[in-house]
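# Structural overview for review
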Amino acid sequence: MSAEQELTHDAGVHGDAHGADAHVDVHGEVSLDVTELDVELPGSGRVATPDVAEYAMRLGDDSLILSQQLAWWVSRAPELEEDLALGNLALDLLGHARALLHFAGTATGRSEDDLAYWRDEPEFLNCWLVEQPGTDFGDMIARQLFFSLYQTQLYTALLSSGDESLAAIAAKAEREVRYHQDHAVQWVLRLAGGTDESRSRVIVSLNEMWPYVEELFTDDALFDRLEGIAPKPSTLRAGFDETLAVVLAEAELELPTAKPAMAGGRQGRHSTQMGYILAELQWLARRHPGAKW
Amino acid sequence: MAREASPRREVVSGVTAPTPAATGVRPSDEASARVWDLAATILDPEVPALTIEDLGVLREAHADGKRAHVVLTPTYSGCPAIDQMRDDVASALREAGYDDVEVSYTLAPAWTTDWMTEAGKRKLEDYGIAPPQARSDAIRGPIPVTLGVKCPRCHSLHTREVAKFGSTSCKALYQCQKCLEPFDYFKIH
(Lines give C-alpha, C1' and ligand atoms only; values in the text may rest on other atoms or scores of the structure.)
Protein backbone atom coordinates (compact mmCIF):
# COMPACT_ATOMS: atom_id res chain seq x y z
CA MET A 1 0.00 0.00 0.00
CA SER A 2 1.66 3.23 -1.12
CA ALA A 3 1.69 6.27 1.12
CA GLU A 4 -0.42 8.28 -1.29
CA GLN A 5 -3.06 5.65 -1.71
CA GLU A 6 -6.45 6.47 -0.31
CA LEU A 7 -8.90 3.66 0.20
CA THR A 8 -12.49 4.63 0.18
CA HIS A 9 -14.55 2.31 2.26
CA ASP A 10 -17.93 2.53 0.66
CA ALA A 11 -20.82 0.17 0.79
CA GLY A 12 -19.35 -1.82 -2.07
CA VAL A 13 -16.45 -3.04 0.05
CA HIS A 14 -18.57 -4.44 2.82
CA GLY A 15 -21.94 -4.55 1.19
CA ASP A 16 -24.45 -6.08 3.48
CA ALA A 17 -28.16 -6.55 3.96
CA HIS A 18 -28.66 -2.90 4.86
CA GLY A 19 -27.96 -1.82 1.32
CA ALA A 20 -25.59 0.84 0.02
CA ASP A 21 -27.62 3.93 0.85
CA ALA A 22 -28.34 2.99 4.42
CA HIS A 23 -24.69 2.24 5.00
CA VAL A 24 -23.49 5.57 3.68
CA ASP A 25 -26.13 7.48 5.61
CA VAL A 26 -25.27 5.88 8.90
CA HIS A 27 -21.51 6.14 8.72
CA GLY A 28 -20.91 9.08 6.39
CA GLU A 29 -17.83 9.02 4.26
CA VAL A 30 -15.58 6.40 5.76
CA SER A 31 -12.09 6.38 4.34
CA LEU A 32 -8.55 5.48 5.20
CA ASP A 33 -5.97 8.13 4.58
CA VAL A 34 -2.65 6.37 4.86
CA THR A 35 -0.63 9.59 4.64
CA GLU A 36 -2.60 11.10 7.48
CA LEU A 37 -1.97 8.14 9.75
CA ASP A 38 1.74 8.43 9.15
CA VAL A 39 1.86 12.10 10.11
CA GLU A 40 -0.14 11.41 13.25
CA LEU A 41 2.50 9.17 14.66
CA PRO A 42 4.79 10.58 17.28
CA GLY A 43 8.42 9.57 17.09
CA SER A 44 11.63 10.45 15.42
CA GLY A 45 11.68 8.02 12.51
CA ARG A 46 13.92 5.53 14.29
CA VAL A 47 13.42 1.83 13.65
CA ALA A 48 13.30 -0.51 16.63
CA THR A 49 15.32 -3.73 16.69
CA PRO A 50 13.19 -6.88 17.13
CA ASP A 51 14.09 -7.15 20.84
CA VAL A 52 13.41 -3.49 21.56
CA ALA A 53 10.16 -3.79 19.60
CA GLU A 54 9.05 -6.74 21.71
CA TYR A 55 9.79 -4.78 24.86
CA ALA A 56 7.96 -1.69 23.60
CA MET A 57 5.02 -3.92 22.68
CA ARG A 58 4.81 -5.36 26.20
CA LEU A 59 4.70 -1.88 27.70
CA GLY A 60 2.41 -0.52 25.00
CA ASP A 61 -0.05 -3.41 25.42
CA ASP A 62 -0.16 -2.90 29.20
CA SER A 63 -1.10 0.73 28.64
CA LEU A 64 -3.57 0.04 25.85
CA ILE A 65 -5.52 -2.63 27.74
CA LEU A 66 -5.62 -0.68 30.98
CA SER A 67 -6.73 2.42 29.08
CA GLN A 68 -9.58 0.43 27.56
CA GLN A 69 -10.55 -0.92 30.99
CA LEU A 70 -10.54 2.50 32.64
CA ALA A 71 -12.61 4.04 29.86
CA TRP A 72 -15.45 1.76 31.01
CA TRP A 73 -15.76 3.97 34.08
CA VAL A 74 -16.57 7.16 32.22
CA SER A 75 -20.17 7.97 33.26
CA ARG A 76 -20.17 5.14 35.82
CA ALA A 77 -17.91 6.53 38.55
CA PRO A 78 -19.40 7.46 41.93
CA GLU A 79 -19.01 11.18 41.21
CA LEU A 80 -18.47 13.42 38.21
CA GLU A 81 -14.93 14.35 39.28
CA GLU A 82 -14.04 10.67 39.26
CA ASP A 83 -15.46 10.21 35.75
CA LEU A 84 -13.08 12.95 34.68
CA ALA A 85 -10.14 11.58 36.64
CA LEU A 86 -10.45 8.07 35.25
CA GLY A 87 -11.00 9.42 31.74
CA ASN A 88 -7.83 11.47 32.12
CA LEU A 89 -5.82 8.47 33.33
CA ALA A 90 -7.12 6.43 30.40
CA LEU A 91 -6.13 9.20 28.00
CA ASP A 92 -2.58 9.38 29.39
CA LEU A 93 -2.25 5.61 29.05
CA LEU A 94 -3.58 5.71 25.52
CA GLY A 95 -0.96 8.35 24.70
CA HIS A 96 1.78 6.09 26.07
CA ALA A 97 0.34 3.12 24.16
CA ARG A 98 0.34 5.10 20.90
CA ALA A 99 3.96 6.14 21.23
CA LEU A 100 5.12 2.69 22.33
CA LEU A 101 3.16 0.72 19.74
CA HIS A 102 4.18 3.12 17.00
CA PHE A 103 7.80 2.52 17.94
CA ALA A 104 7.27 -1.26 18.24
CA GLY A 105 5.63 -1.28 14.81
CA THR A 106 8.66 0.24 13.10
CA ALA A 107 10.40 -3.13 13.40
CA THR A 108 7.81 -4.86 11.22
CA GLY A 109 6.34 -1.99 9.21
CA ARG A 110 3.05 -1.95 11.11
CA SER A 111 1.25 1.13 12.39
CA GLU A 112 -0.02 1.60 15.92
CA ASP A 113 -3.53 0.94 14.62
CA ASP A 114 -2.40 -2.30 12.94
CA LEU A 115 -1.03 -3.45 16.27
CA ALA A 116 -3.99 -2.34 18.36
CA TYR A 117 -6.77 -3.60 16.13
CA TRP A 118 -5.41 -6.40 13.99
CA ARG A 119 -3.50 -8.64 16.34
CA ASP A 120 -5.21 -11.60 17.95
CA GLU A 121 -5.10 -12.52 21.59
CA PRO A 122 -1.89 -14.62 21.61
CA GLU A 123 -0.01 -11.75 19.96
CA PHE A 124 -0.75 -9.37 22.83
CA LEU A 125 2.01 -9.22 25.41
CA ASN A 126 0.32 -7.34 28.26
CA CYS A 127 0.41 -8.56 31.84
CA TRP A 128 -2.57 -10.22 33.50
CA LEU A 129 -3.08 -7.46 36.05
CA VAL A 130 -4.44 -5.02 33.47
CA GLU A 131 -6.86 -7.66 32.14
CA GLN A 132 -8.52 -8.26 35.49
CA PRO A 133 -12.08 -7.04 35.86
CA GLY A 134 -12.30 -3.71 37.58
CA THR A 135 -15.98 -2.91 37.38
CA ASP A 136 -16.10 -2.83 41.18
CA PHE A 137 -14.68 0.51 42.32
CA GLY A 138 -12.45 -1.09 44.95
CA ASP A 139 -11.07 -3.64 42.48
CA MET A 140 -10.29 -0.88 39.99
CA ILE A 141 -8.52 1.20 42.65
CA ALA A 142 -6.51 -1.82 43.85
CA ARG A 143 -5.47 -2.53 40.25
CA GLN A 144 -4.55 1.16 39.84
CA LEU A 145 -2.52 1.16 43.04
CA PHE A 146 -0.36 -1.81 42.08
CA PHE A 147 0.00 -0.84 38.46
CA SER A 148 0.77 2.85 39.00
CA LEU A 149 3.36 2.03 41.69
CA TYR A 150 4.98 -0.35 39.20
CA GLN A 151 4.84 2.15 36.34
CA THR A 152 6.37 4.91 38.42
CA GLN A 153 9.34 2.65 39.16
CA LEU A 154 9.50 1.50 35.55
CA TYR A 155 9.45 4.88 33.84
CA THR A 156 11.86 6.37 36.36
CA ALA A 157 14.33 3.60 35.49
CA LEU A 158 13.66 3.98 31.76
CA LEU A 159 14.65 7.66 31.85
CA SER A 160 18.24 6.47 31.56
CA SER A 161 17.57 3.88 28.86
CA GLY A 162 20.25 3.55 26.20
CA ASP A 163 17.48 3.65 23.60
CA GLU A 164 16.66 7.28 22.89
CA SER A 165 13.06 6.64 21.83
CA LEU A 166 12.25 4.67 24.98
CA ALA A 167 13.95 7.34 27.08
CA ALA A 168 11.92 10.08 25.37
CA ILE A 169 8.62 8.23 25.89
CA ALA A 170 9.57 7.56 29.51
CA ALA A 171 10.40 11.22 30.12
CA LYS A 172 6.82 12.16 29.32
CA ALA A 173 5.18 9.14 30.93
CA GLU A 174 7.08 9.41 34.19
CA ARG A 175 5.53 12.80 34.99
CA GLU A 176 2.08 11.49 34.19
CA VAL A 177 2.11 8.20 36.08
CA ARG A 178 3.11 10.07 39.24
CA TYR A 179 -0.32 11.65 39.10
CA HIS A 180 -1.83 8.18 38.59
CA GLN A 181 0.00 6.88 41.63
CA ASP A 182 -1.13 9.83 43.69
CA HIS A 183 -4.73 9.28 42.60
CA ALA A 184 -4.66 5.60 43.56
CA VAL A 185 -2.95 6.22 46.89
CA GLN A 186 -5.47 8.90 47.86
CA TRP A 187 -8.34 6.53 47.12
CA VAL A 188 -6.82 3.61 49.01
CA LEU A 189 -6.38 5.85 52.05
CA ARG A 190 -9.93 7.12 51.70
CA LEU A 191 -11.48 3.69 51.32
CA ALA A 192 -9.38 2.13 54.07
CA GLY A 193 -10.10 4.99 56.44
CA GLY A 194 -13.76 5.36 55.47
CA THR A 195 -16.60 3.16 56.65
CA ASP A 196 -16.37 -0.45 57.81
CA GLU A 197 -17.94 -1.39 54.47
CA SER A 198 -15.39 0.52 52.35
CA ARG A 199 -12.51 -0.79 54.45
CA SER A 200 -13.53 -4.42 54.30
CA ARG A 201 -14.16 -4.17 50.57
CA VAL A 202 -10.84 -2.55 49.71
CA ILE A 203 -9.06 -5.28 51.70
CA VAL A 204 -10.83 -7.88 49.54
CA SER A 205 -9.95 -5.94 46.39
CA LEU A 206 -6.26 -5.67 47.26
CA ASN A 207 -6.19 -9.44 47.81
CA GLU A 208 -8.01 -10.06 44.53
CA MET A 209 -5.39 -8.13 42.53
CA TRP A 210 -2.32 -9.22 44.47
CA PRO A 211 -1.77 -12.54 42.60
CA TYR A 212 -1.06 -10.57 39.41
CA VAL A 213 1.67 -8.38 40.90
CA GLU A 214 4.37 -11.05 40.68
CA GLU A 215 4.28 -11.11 36.87
CA LEU A 216 5.21 -7.42 36.68
CA PHE A 217 8.55 -8.16 38.28
CA THR A 218 9.46 -11.43 36.57
CA ASP A 219 12.61 -11.47 34.44
CA ASP A 220 12.96 -13.52 31.27
CA ALA A 221 15.50 -14.03 28.49
CA LEU A 222 14.50 -10.85 26.65
CA PHE A 223 16.08 -8.72 29.35
CA ASP A 224 19.47 -10.43 28.95
CA ARG A 225 19.49 -9.07 25.42
CA LEU A 226 18.38 -5.59 26.48
CA GLU A 227 21.13 -4.74 28.95
CA GLY A 228 21.32 -0.96 29.33
CA ILE A 229 18.08 -0.50 27.39
CA ALA A 230 15.40 -2.00 29.62
CA PRO A 231 15.63 -2.41 33.39
CA LYS A 232 15.23 -6.00 34.57
CA PRO A 233 11.73 -6.16 36.10
CA SER A 234 13.12 -7.74 39.28
CA THR A 235 15.21 -4.62 39.91
CA LEU A 236 12.03 -2.53 40.14
CA ARG A 237 10.58 -4.60 42.96
CA ALA A 238 12.41 -2.99 45.90
CA GLY A 239 11.12 0.49 45.05
CA PHE A 240 7.61 -0.87 44.57
CA ASP A 241 7.65 -2.73 47.90
CA GLU A 242 9.01 0.28 49.71
CA THR A 243 6.33 2.69 48.45
CA LEU A 244 3.59 0.11 48.95
CA ALA A 245 4.71 -0.46 52.54
CA VAL A 246 4.40 3.28 53.24
CA VAL A 247 0.89 3.40 51.75
CA LEU A 248 -0.31 0.30 53.59
CA ALA A 249 1.14 1.54 56.89
CA GLU A 250 -0.66 4.87 56.45
CA ALA A 251 -3.89 3.02 55.62
CA GLU A 252 -3.30 0.55 58.50
CA LEU A 253 -3.60 -2.37 56.13
CA GLU A 254 -1.69 -5.64 55.98
CA LEU A 255 0.28 -6.75 52.95
CA PRO A 256 -1.96 -9.14 50.96
CA THR A 257 -0.98 -12.80 51.21
CA ALA A 258 -2.68 -14.35 48.13
CA LYS A 259 -0.37 -16.63 46.10
CA PRO A 260 0.93 -15.47 42.67
CA ALA A 261 -1.14 -16.46 39.64
CA MET A 262 0.34 -18.59 36.85
CA ALA A 263 0.34 -15.58 34.58
CA GLY A 264 1.85 -15.76 31.11
CA GLY A 265 0.94 -12.48 29.45
CA ARG A 266 4.47 -11.70 28.26
CA GLN A 267 4.39 -14.93 26.25
CA GLY A 268 0.92 -14.22 24.86
CA ARG A 269 -0.96 -16.56 27.25
CA HIS A 270 -3.86 -14.65 28.68
CA SER A 271 -6.58 -15.02 31.26
CA THR A 272 -10.17 -15.64 30.21
CA GLN A 273 -10.91 -11.92 30.51
CA MET A 274 -8.75 -10.93 27.58
CA GLY A 275 -10.98 -12.11 24.74
CA TYR A 276 -13.89 -9.98 25.94
CA ILE A 277 -11.70 -6.90 26.21
CA LEU A 278 -10.34 -7.35 22.69
CA ALA A 279 -13.78 -8.02 21.28
CA GLU A 280 -14.95 -4.62 22.45
CA LEU A 281 -11.70 -2.85 21.60
CA GLN A 282 -11.36 -4.27 18.09
CA TRP A 283 -14.91 -4.72 16.93
CA LEU A 284 -15.40 -1.37 15.25
CA ALA A 285 -12.05 -1.34 13.46
CA ARG A 286 -12.61 -4.84 12.11
CA ARG A 287 -16.20 -4.21 11.10
CA HIS A 288 -15.21 -1.03 9.24
CA PRO A 289 -11.56 -1.44 8.22
CA GLY A 290 -9.81 1.93 7.97
CA ALA A 291 -12.78 3.85 9.32
CA LYS A 292 -12.18 7.39 10.48
CA TRP A 293 -14.36 10.34 11.36
CA MET B 1 -3.67 38.27 16.09
CA ALA B 2 -0.91 40.55 14.79
CA ARG B 3 2.52 39.49 15.83
CA GLU B 4 5.22 41.65 14.30
CA ALA B 5 8.68 41.71 15.78
CA SER B 6 7.89 41.01 19.38
CA PRO B 7 10.36 42.85 21.60
CA ARG B 8 10.49 40.24 24.33
CA ARG B 9 10.59 36.49 23.88
CA GLU B 10 10.50 34.72 27.15
CA VAL B 11 10.62 31.04 26.56
CA VAL B 12 11.16 29.92 30.08
CA SER B 13 10.71 31.63 33.37
CA GLY B 14 13.46 31.68 35.93
CA VAL B 15 17.21 31.67 35.53
CA THR B 16 18.07 28.03 35.86
CA ALA B 17 15.84 26.81 33.05
CA PRO B 18 17.24 23.62 31.54
CA THR B 19 15.84 24.27 28.07
CA PRO B 20 18.31 23.28 25.39
CA ALA B 21 19.24 26.34 23.34
CA ALA B 22 18.27 24.65 20.09
CA THR B 23 14.54 24.39 20.69
CA GLY B 24 11.79 26.64 21.97
CA VAL B 25 13.56 29.77 20.81
CA ARG B 26 12.55 32.08 17.98
CA PRO B 27 15.08 31.57 15.19
CA SER B 28 17.52 34.38 14.51
CA ASP B 29 17.40 34.24 10.71
CA GLU B 30 14.63 36.34 9.27
CA ALA B 31 13.06 33.72 7.00
CA SER B 32 12.69 31.14 9.77
CA ALA B 33 11.58 33.79 12.24
CA ARG B 34 8.68 34.60 9.90
CA VAL B 35 7.57 30.96 9.99
CA TRP B 36 7.91 30.99 13.77
CA ASP B 37 5.79 34.14 14.07
CA LEU B 38 3.08 32.67 11.86
CA ALA B 39 2.99 29.46 13.87
CA ALA B 40 3.03 31.50 17.08
CA THR B 41 -0.37 32.98 16.24
CA ILE B 42 -2.08 29.60 16.64
CA LEU B 43 -4.15 29.20 19.78
CA ASP B 44 -4.42 26.13 21.95
CA PRO B 45 -7.89 24.79 21.03
CA GLU B 46 -8.54 23.67 24.61
CA VAL B 47 -7.18 26.77 26.33
CA PRO B 48 -7.82 29.43 23.68
CA ALA B 49 -6.30 32.16 25.86
CA LEU B 50 -2.85 30.83 25.02
CA THR B 51 -0.88 30.60 21.81
CA ILE B 52 1.17 27.50 21.20
CA GLU B 53 4.21 29.70 21.79
CA ASP B 54 2.94 30.81 25.22
CA LEU B 55 2.35 27.16 26.05
CA GLY B 56 5.83 26.03 25.04
CA VAL B 57 4.45 23.62 22.43
CA LEU B 58 6.15 25.45 19.55
CA ARG B 59 9.73 24.16 19.49
CA GLU B 60 11.31 24.90 16.11
CA ALA B 61 10.64 26.74 12.87
CA HIS B 62 12.62 26.60 9.65
CA ALA B 63 12.15 28.20 6.25
CA ASP B 64 13.74 27.51 2.91
CA GLY B 65 12.12 29.57 0.16
CA LYS B 66 8.52 28.41 -0.11
CA ARG B 67 9.23 25.49 2.19
CA ALA B 68 8.33 25.71 5.87
CA HIS B 69 8.96 23.20 8.64
CA VAL B 70 7.62 23.54 12.17
CA VAL B 71 8.25 21.20 15.10
CA LEU B 72 5.72 20.88 17.93
CA THR B 73 5.82 18.88 21.13
CA PRO B 74 2.71 17.43 22.79
CA THR B 75 1.87 18.58 26.32
CA TYR B 76 0.50 15.37 27.86
CA SER B 77 1.20 12.08 26.06
CA GLY B 78 -2.45 11.59 25.20
CA CYS B 79 -3.40 15.21 24.55
CA PRO B 80 -5.79 15.15 21.58
CA ALA B 81 -5.30 18.88 20.91
CA ILE B 82 -1.93 18.31 19.26
CA ASP B 83 -3.49 17.15 15.97
CA GLN B 84 -5.69 20.25 15.86
CA MET B 85 -2.65 22.44 16.51
CA ARG B 86 -0.78 20.72 13.70
CA ASP B 87 -3.62 21.32 11.25
CA ASP B 88 -3.97 24.95 12.33
CA VAL B 89 -0.25 25.63 11.93
CA ALA B 90 -0.23 23.99 8.50
CA SER B 91 -3.24 26.06 7.37
CA ALA B 92 -1.74 29.32 8.62
CA LEU B 93 1.50 28.64 6.76
CA ARG B 94 -0.25 27.65 3.54
CA GLU B 95 -2.38 30.80 3.69
CA ALA B 96 0.79 32.83 4.12
CA GLY B 97 2.09 31.44 0.83
CA TYR B 98 4.24 28.48 1.79
CA ASP B 99 3.45 25.64 -0.56
CA ASP B 100 5.57 22.90 1.00
CA VAL B 101 4.59 22.72 4.65
CA GLU B 102 5.70 20.14 7.15
CA VAL B 103 4.65 20.03 10.79
CA SER B 104 6.32 17.30 12.82
CA TYR B 105 6.31 16.25 16.46
CA THR B 106 9.09 15.65 18.90
CA LEU B 107 8.83 13.97 22.29
CA ALA B 108 12.24 15.03 23.61
CA PRO B 109 12.94 17.05 25.56
CA ALA B 110 9.66 16.35 27.35
CA TRP B 111 7.29 19.31 27.63
CA THR B 112 7.03 20.96 31.01
CA THR B 113 4.98 23.86 32.34
CA ASP B 114 8.34 25.50 33.08
CA TRP B 115 8.30 26.50 29.40
CA MET B 116 5.12 28.54 29.71
CA THR B 117 5.94 32.20 29.10
CA GLU B 118 5.30 34.85 31.75
CA ALA B 119 2.98 36.54 29.26
CA GLY B 120 1.18 33.21 28.90
CA LYS B 121 0.72 32.88 32.65
CA ARG B 122 -0.79 36.37 32.85
CA LYS B 123 -3.14 35.59 29.95
CA LEU B 124 -4.22 32.37 31.65
CA GLU B 125 -5.03 34.17 34.87
CA ASP B 126 -7.00 36.86 33.01
CA TYR B 127 -8.91 34.07 31.30
CA GLY B 128 -9.89 32.60 34.67
CA ILE B 129 -7.42 29.69 34.88
CA ALA B 130 -4.84 29.74 37.66
CA PRO B 131 -1.38 29.30 36.09
CA PRO B 132 1.14 26.72 37.39
CA GLN B 133 2.38 28.05 40.72
CA ALA B 134 5.88 26.62 40.78
CA ARG B 135 8.58 24.99 38.71
CA SER B 136 8.29 21.30 37.94
CA ASP B 137 11.09 20.43 40.41
CA ALA B 138 8.71 21.29 43.21
CA ILE B 139 6.56 18.21 42.63
CA ARG B 140 9.40 15.79 42.05
CA GLY B 141 11.71 16.08 45.02
CA PRO B 142 11.78 13.52 47.82
CA ILE B 143 9.38 15.73 49.79
CA PRO B 144 6.50 16.92 47.62
CA VAL B 145 5.73 20.54 48.38
CA THR B 146 2.10 21.49 48.74
CA LEU B 147 1.58 24.92 47.27
CA GLY B 148 -1.20 27.40 47.75
CA VAL B 149 -3.04 28.02 44.50
CA LYS B 150 -4.22 31.58 44.01
CA CYS B 151 -7.81 32.20 42.92
CA PRO B 152 -7.68 33.87 39.49
CA ARG B 153 -10.75 35.97 40.36
CA CYS B 154 -10.24 37.36 43.86
CA HIS B 155 -6.55 36.38 44.29
CA SER B 156 -7.18 34.69 47.61
CA LEU B 157 -4.81 31.89 48.55
CA HIS B 158 -7.58 30.30 50.59
CA THR B 159 -8.50 27.69 47.97
CA ARG B 160 -8.93 23.95 47.94
CA GLU B 161 -8.45 21.20 45.39
CA VAL B 162 -11.78 19.67 44.41
CA ALA B 163 -10.28 17.18 41.95
CA LYS B 164 -6.78 16.63 40.66
CA PHE B 165 -8.15 15.91 37.19
CA GLY B 166 -10.24 18.48 35.38
CA SER B 167 -11.78 19.19 32.02
CA THR B 168 -8.51 18.49 30.18
CA SER B 169 -5.35 16.55 31.07
CA CYS B 170 -3.45 19.69 31.98
CA LYS B 171 -5.93 21.06 34.51
CA ALA B 172 -7.17 20.36 38.03
CA LEU B 173 -10.41 21.62 39.54
CA TYR B 174 -10.23 24.04 42.48
CA GLN B 175 -12.62 26.09 44.50
CA CYS B 176 -11.96 29.43 46.17
CA GLN B 177 -12.99 29.39 49.83
CA LYS B 178 -13.27 33.17 49.90
CA CYS B 179 -15.30 34.08 46.80
CA LEU B 180 -16.65 30.50 46.52
CA GLU B 181 -16.07 30.38 42.76
CA PRO B 182 -14.80 27.13 41.27
CA PHE B 183 -11.88 27.50 38.87
CA ASP B 184 -9.44 25.51 36.78
CA TYR B 185 -5.80 25.24 37.78
CA PHE B 186 -3.13 24.52 35.16
CA LYS B 187 -1.18 21.72 36.86
CA ILE B 188 2.57 21.73 37.28
CA HIS B 189 4.00 19.22 34.84
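What comes next is a walk through the structure. None of the values given here were measured: they were computed from a predicted structure. (Residues numbered from 1 in each chain as written. Chains lettered and ligands numbered in written order. Predicted model: local features only at pLDDT ≥ 70, side-chain atom pairs only at ≥ 80, totals over all residues.)

### A look at the interface of chain B and chain A
Heads up, the condition is: We call two residues in contact if the C-beta atoms placed from their backbones are at most 7 Å apart. Amino acid classes used here: Ala, Val, Leu, Ile, Met, Phe, Trp, Tyr, Cys and Pro are nonpolar; Asp, Glu, Lys and Arg are charged; the rest, including Gly, are polar.
Tallying the contact residues gives 18 residues for chain B and 23 residues for chain A. Its residues assigned to classes, the side of chain B that touches chain A comprises ten nonpolar, six polar and two charged.

### Focus on the sheet that holds strand S4 (residues 129-130) of chain B
All names here are of chain B. Note the threshold: One bridge is not enough; two strands pair if DSSP finds at least two bridges between them. In this description a helix means any DSSP run of H or I spanning at least four residues, a strand means any run of E spanning at least two, and both kinds are numbered starting from the N terminus.
The strand order across the open sheet formed by four strands is S4-S7-S6-S5, and the pairing between neighbours is mixed. Only two strands of the sheet have a single neighbouring strand rather than two, namely S4 and strand S5 (159-163). The sheet contact formed by strand S6 (residues 171-176) and strand S7 (residues 182-186) spans five bridges and is antiparallel. In the strand pairing of S7, Ala172 is matched with Tyr185.

### Quick look at the environment of Glu30(B)
For Glu30(B), the location among the structural elements is in helix H1 (residues 30-39). Counting along the chain gives 151 residues from Glu30(B) to Glu181(B), while the straight-line C-alpha distance between them is 46 Å.

### Points about unusual backbone geometry
As a reminder of what qualifies: Backbone-placed C-beta atoms define the burial measure: a residue is buried with 20 or more other C-beta atoms within 10 Å of its own, exposed with 12 or fewer, and partly exposed in between.
Going from Ala108(B) to Pro109(B), the amide bond is cis rather than trans, its omega being -5°. Here Glu252(A), not a glycine, exhibits a phi torsion of approximately 55°, which is positive. Positioned with a positive phi, His155(B) is a non-glycine residue whose angle comes to about 65°. Position of His155(B) relative to the elements: it lies in the loop between S4 and S5. By the C-beta count within 10 Å, which is 12 here, His155(B) ends up exposed.

### Looking at helix H4 (residues 80-105) of chain A
The cut-off we apply is this: The span one expects for a helix is its residue count, reduced by one, times 1.5 Å.
Along its 26 residues, H4(A) runs 37 Å from first to last C-alpha, staying within 8% of the 38 Å computed at 1.5 Å per residue. Judged by how many residues are buried, H4(A) sits mostly within the fold: 21 of 26 residues are covered.

### Considerations on H1(B)
Residue and element names in this part refer to chain B. Rule in force here: An arc is given here, and it is the one of the directions from the helix axis to the C-beta atoms.
Of the positions making up H1, those classed as buried are Val35, Trp36, Leu38 and Ala39. In a view along the axis of H1, the buried residues occupy a sector of 165°, so they form one face of it. Looking at the packing, one finds that the buried side of H1 touches helix H2 (52-55), strand S1 (58-64), strand S2 (67-72) and helix H3 (81-95).

### Remarks on the sheet that holds S1(B)
All names here are of chain B. To keep things clear, this is the line we draw: Lines are fitted to the C-alpha atoms to define the axes, a helix being fitted only along its stretch in contact, and any angle between axes, read from their N-to-C directions, falls within 0 to 180 degrees.
If you trace the three strands from one edge of the open sheet to the other, you get S1-S2-S3, paired in mixed fashion. Of all the strands in the sheet, just S1 and strand S3 (100-105) have a single pairing partner and so form its edges. The average undirected angle you get between the axes of adjacent strands in this sheet is 10°. Relative to S3, S2 runs parallel, the two being bridged by six bridges. Within S3, the residue paired with His69 across the bridge is Glu102. Its contacts with the sheet place H1 against S1 and S2, and it is angled at close to 135° to S1. H3 rests against S2 and S3 of the sheet, and its axis sits at about 160° to S3.

### A few points about the packing of helix H3 (residues 50-71) of chain A against H4(A)
Residues and elements named next belong to chain A. Rule in force here: Between 65 and 115 degrees an angle is taken as roughly perpendicular, under 35 as roughly parallel, over 145 as roughly antiparallel, and anywhere else as oblique. Handedness of a crossing is defined here by the sense of rotation of the near helix relative to the far one, left-handed for an anticlockwise turn of less than a right angle and right-handed for a clockwise turn.
The geometry of H3 relative to H4 is characterised by a closest axis approach of 7 Å and an angle of 155° between their N-to-C directions. In terms of orientation, H3 lies roughly antiparallel with respect to H4. Judged by the twist between their axes, the crossing of H3 over H4 is left-handed. In this structure, H3 uses Ala53, Ala56, Met57, Leu59, Gly60, Ser63, Leu64, Leu66, Ser67, Leu70 and Ala71 to contact H4, whose residues at the interface are Leu86, Leu89, Ala90, Leu93, Leu94, His96, Ala97, Leu100, Leu101, Phe103 and Ala104.

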